[in-house]
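Secondary and tertiary structure notes
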Amino acid sequence: MPHWTALVAEKKQRQLKSIPQEWLVTPPPDSTSTLDVTGFPEMCGLLNAREIEITNTSVDVSLEKLACAE
């Protein structure tokens, strides 16, 4: 293994260990076969109702609301 790949692996491990476990988002059980992730915002449990509403709003509507300072 080249020297730089060992350094990268070490840095990646240190990075992962520095993140609190409760901050990590666990992938869905069948994440390797899931192609449609559009339902993830509702299922992940990380967003409140308002944030989900914003996430599911179309770009056109979002731009209109931004222009009106809503």
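Cut-offs applied
- Every chain begins its residue count from 1, and numbering advances along the sequence as written.
- A pLDDT threshold of at least 70 governs which residues receive local features in this predicted model, and a stricter bar of 80 or more applies before side-chain atom pairs are shown or counted, although totals over entire chains, interfaces and linings include all residues.
- Excluded from the side-chain calculation are hydrogens and water; included are all heavy atoms of the structure.
- Surface patches are defined over residues having more than 30% relative accessible area and no salt bridge, joining like charges when they lie within 9 Å and nonpolar side chains (Val, Leu, Ile, Met, Phe, Trp, Tyr) when within 5 Å.
- Throughout, the Shrake-Rupley method with a 1.4 Å probe supplies accessible areas, and for residues the shown protein chains are the sole cover considered.
- Salt bridges are defined by distance alone: a side-chain nitrogen of Lys or Arg within 4 Å of a carboxyl oxygen of Asp or Glu.
- By definition, any uninterrupted DSSP run of H or I lasting at least four residues is a helix, any uninterrupted run of E lasting at least two residues is a strand, and each is numbered from the N terminus.
- Throughout, exposure labels follow a simple rule: accessible area from a 1.4 Å probe, protein chains only, divided by the maximum for the residue type, with under 20% read as buried, over 50% as exposed, and the rest as partly exposed.

**Points about a nonpolar patch on the surface**
A contiguous nonpolar surface patch, about 580 Å² in accessible area, is contributed by Val 25, Val 37, Phe 40, Met 43, Leu 46 and Leu 47. Locating Phe 40 in the fold gives a position in helix 2 (residues 40-43). On the basis of relative accessibility, which here comes to 32%, the residue Phe 40 falls in the partly exposed class.

**Here we look at the pattern of salt bridges**
Summed over all chains, the structure comprises 2 salt bridges. For Arg 14, the salt bridge goes to Glu 10, with nearest N and O atoms at 3.5 Å. Taken together, the residues span about one helical turn, with Arg 14 and Glu 10 both in helix 1 (residues 3-18) at a distance of 4 residues. Classification of Arg 14 by relative accessible area gives partly exposed; the value is 47%. Between Arg 50 and Glu 53 there is a salt bridge, with the nearest N and O atoms lying 3.4 Å from each other. One end of the pair is Arg 50 and the other is Glu 53, both in helix 3 (residues 49-56) and 3 residues apart, which spans about a single turn. By relative accessible area, which is 44% here, Arg 50 ends up partly exposed. By relative accessible area, Glu 53 is classed as partly exposed at 39%.

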